[in-house]
Amino acid sequence: MDEIRRVYIKMGPYQPIKNEYPPTKFGSQNRRFQSHWFKKFTWLEYSPSKDAAFCFPCFLFEHKNPRNSAFTIDGFKYWKRVNDGDRCAFFMHIGCNTSPHNKAVEYLNNLMNIPCHIDKVINAQSSEEKQKNRLRLIATIESIRWLTLQACALTGHDESPASKNHGNFIEMIKFMGKMNESIGDIVLEKAPKNAKYTSPDIQKDILNIISNQVITNIRLEIGDAKFCILVDEARDASNKEQMAIVLRFVDSDGFLKERFFSIVHVTDTTAAILKKEISDALGRYDLHIHNMRGHGYDGASNMRGSWNGLQALFLRDFSCAYNVHCFAHRLQLALIAAAEKEVSIWLFFSKLNSICNLINASPKRHAELHSAQRIEVAHMVATGERDTGRGCNQIGNLLGPEKTRWSSNFDSLCSMIDMYSSVTTVLGICCALEPRENFKFFNVDHVYRLAEKFYSLDFDAQDLHHLRLQLDHYKLDIVGHEIFQNLSSISEWCRRLVETNKSETYNLIDRLIRLVLTLPVSTATTERAFSAMKLVKIAPRNKMEAEFFADSMVIYIERDLVEKIDNDLIILEFDSKKNRRAQLQ
């Protein structure tokens, strides 16, 4: 039971931040829950389904028959009593020092203070033993971190004592022991049986902890900002359909970022199932769908379908979550379609494709190609026609021309022709935020219309009024400012606003810029994720469990965040997950 409680305590109370909550009628007045209560009462949590507030510590630790079930079972929703001075229901629930609420808070703190638990005190180990346990665990953590960043398998085919190759993880622990005597004297056979930290379960636990830390850091980067999702799907080495989810957002410093968030195995690729899996993945880390302002997919029918596609399902619920087809795919499909209309170009690529297929289909011809290439390179180096140096003159493979696996859409082209005038008008309004050529295209009316038409959920009538005032003042103040000259992109403009603290003066303009930046541009990041998938989940590892695979992907792709995670933080999390006999602190 304590283990279950620890899991919930780490997750913390559920505190969804919303602009508005459902109103409740009290006499002639409508009252509702207020998000700012979360800051004042940190123990408070809110249930959207019940429209009720609960006490997080009391819910976990009060007796089965509590004296007051409002904050533990039924839920409190009498909002009129919250702003009632000394009779505030939340203050009355807290009560005196010996109240049930304060006792529950004390139980919560005691449960998380693991070193003071009675079993730890009775089985107290010396500081030297604890230090050895920590060093042994650090060796395991660093081995797992390094191998995962290199997309290497951890366990070996045969890890028995008689095996000559115990797998990458065990062999790396051995290597570390040879290089460092202090590690070699305490690991593997020299470690106590209850503190070896080498079992597959321990490896997965540590991998999961690092992955969760990465996702948590990404969640902190996003904060309350608006974001968009980039989604793509592909089959892995075990022929399972995997859906990659990438988040695009602007952080608090004004930097535009795209972060790999999750990879999910989907049993079916219907739009309804994909939407559910996306919503579940975001919900696990308290990312609210109503903060989504864009979504980008490939051109597959289950993604782009006008009636039942994934984009259509999201747009029904969130009208400001605009869909943008991947620009890279659009351009490639357009070029291919145009090129195929020219007979000479079509014949050229057809012959090229035939030659590639002829050579790559035969290992013998493939080897002959490499051999001929080596001879030619050696000759050209000898005659001075090629430069020499590191990375030069590599022997490569013949790559054939390929289309994407998405087909072009004739109906889309027809609709573009029909709505050409409207499309050009809209494009002229996005151009209004283009900072290049010293804000040559900056237009107050167009920017105002952009916010009014496309971001009605983010700008109410009062915001729009102040936005126009800020735009008029901005045009006089900033456009000619030296610091804001020679900007190359909207994202650079956003960073410059933050660096100069002008984002506070022009907070509504900053808000609009961030919303525009979150629009998806391409699915290139998801494609990189699938390239990583081919390295992480290869044929010999095609039976990887879903969580193990997802953790490995997050760590391999978001390596800059992984390298910042402190070992002490991992050890603390590892020690709190289970009731371990070997002490680490």
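It should be emphasised that the depicted structure is a prediction, and the values quoted were computed from it without experimental measurement.

### Overview of the nonpolar core
Nonpolar side chains tend to gather and get buried jointly when the protein is soluble and globular. Ranked by internal contacts, the top residues of the largest apolar core, which has 75 residues, are Ile206, Ile229, Leu247, Ile278 and Leu282. When residues of this core are assigned to their parent elements, the largest contribution, nine residues, is made by helix H11 (residues 200-222). Setting aside residues no more than four positions away along its own chain, Ile278 makes contact with Ile229, Val231, Met243, Ile245, Leu310 and Phe314.

### Details of the packing of aromatic side chains
Counted under the stated rule, the structure contains 22 aromatic pairs. Measuring from ring centre to ring centre gives 5.4 Å for Phe33 and Trp79, while their planes differ by 75 degrees; the resulting arrangement is edge-to-face. One end of the pair, Phe33, is in the loop between strand S2 (29-31) and helix H2 (37-40); the other, Trp79, is in the loop between helix H4 (70-74) and helix H5 (89-94), with 46 residues separating them in the sequence. Summarising the burial analysis for this pair, Phe33 and Trp79 share the class buried. Judged by centre distance (6.0 Å) and plane angle (80 degrees), the rings of Phe76 and Trp79 are edge-to-face.

### Structural notes on helix H8 (residues 127-149)
Here H8 is 23 residues long and its end C-alpha atoms lie 32 Å apart, about the 33 Å a rise of 1.5 Å per residue gives. A positive backbone phi angle near 60 degrees is found at Ala151, which sits one or two residues after H8.

### What about the side chain of Gln213?
Note on placement: Gln213 falls in helix H11. Residue classification places Gln213 among the buried residues on the basis of a relative accessible area of 16%. Setting aside residues up to four positions removed in sequence, Gln213 forms contacts with Ile565 and Leu569.

### Comments concerning the pairing of strand S7 (residues 256-265)
As paired strands, strand S6 (residues 241-250) and S7 are joined by nine bridges and run antiparallel to one another. Looking at the pairing, Gln242 lines up with His265 of S7. Hairpin connection from S6 to S7: five residues lie between these consecutive antiparallel strands, with Gly254 at a positive phi of about 90 degrees.

### A word on the pattern of salt bridges
According to the stated counting rule, one finds 19 salt bridges in the structure shown. Here Asp458 and Lys226 are joined by a salt bridge, their closest N and O atoms 3.7 Å apart. Of this pair, Asp458 sits in the loop between helix H21 (444-454) and helix H22 (461-477) while Lys226 sits in the loop between H11 and strand S5 (227-235); the two residues are 232 residues apart in sequence, bridging distant segments of the chain. Given a relative accessible area of 8%, Asp458 falls into the buried group. A salt bridge links Glu258 to Arg248, with the shortest nitrogen-to-oxygen separation between them at 2.8 Å. One end of the pair, Glu258, is in strand S7; the other, Arg248, is in strand S6, and ten residues separate them in sequence. Classification of Glu258 by relative accessible area gives partly exposed; the value is 27%.

### Here we look at the pairing of strand S4 (residues 52-55)
Alternating positions in S4 separate into two faces, Ala52 and Phe54 on one and Ala53 and Cys55 on the other, with burial throughout. Pairing geometry for strand S3 (residues 44-47) and S4, over four bridges, is antiparallel. Bridging across to S4, Tyr46 finds its partner in Ala53. Here S3 folds back onto S4, and the loop between the two strands holds four residues, one of which, Asp51, carries a positive phi near 50 degrees.

### Overview of unusual backbone geometry
Backbone geometry at Leu188 places phi at a positive 55 degrees, although glycine is not the residue there. Tracing the sequence through the fold places Leu188 in the loop between helix H10 (181-184) and H11. Relative accessible area serves as the criterion here: at 11%, Leu188 is assigned to the buried category. Positive phi values are uncommon outside glycine, yet Asn501 reaches one of about 65 degrees.

### Regarding H22
The terminal C-alpha atoms of H22 lie 24 Å apart, and with 17 residues this matches the ideal 24 Å at 1.5 Å per residue to within 8%. The set of residues buried in H22 consists of Asp463, Leu464, Leu467, Gln470, Leu471 and Tyr474. Down the axis of H22, the smallest arc covering the buried residues is 120 degrees, so these residues share one side. Across H22 from its buried face, at more than 90 degrees, point the exposed residues Ala461, Gln462 and Leu476.

### Describing the environment of His157
Looking at the element boundaries, His157 is found in the loop between H8 and helix H9 (168-179). Expressed as a C-alpha distance, the spacing of His157 and Pro540, which sit 383 residues apart in the sequence, is 9.8 Å.

### Topic: the confidence of the model for the protein chain
On average, residues of the protein chain carry a pLDDT of 76, and 72% of them reach 70 or more. Note on residues 404-427: pLDDT is under 50 here. Beyond four places in sequence and across chains, it has 20 contacts.

Cut-offs used in this document
Residues numbered from 1 in each chain as written. Predicted model: local features only at pLDDT ≥ 70, side-chain atom pairs only at ≥ 80, totals over all residues. Heavy atoms only, no water. Core = buried A, V, L, I, M, F, W, Y, C linked by side-chain atoms within 4.5 Å. Buried < 20%, exposed > 50% of the residue type's maximum accessible area, 1.4 Å probe, protein only. Helix = DSSP H or I, 4+ residues; strand = E, 2+ residues; numbered from the N terminus. Contact = heavy atoms within 4.5 Å. Phe/Tyr/Trp six-rings, centres within 6.5 Å; stacked < 30°, edge-to-face > 60°. Expected span 1.5 Å × (residues − 1). Pairing = 2+ DSSP bridges. Salt bridge = Lys/Arg side-chain N within 4 Å of Asp/Glu carboxyl O. Arc of directions from axis to C-beta. pLDDT = per-residue confidence, 0-100.

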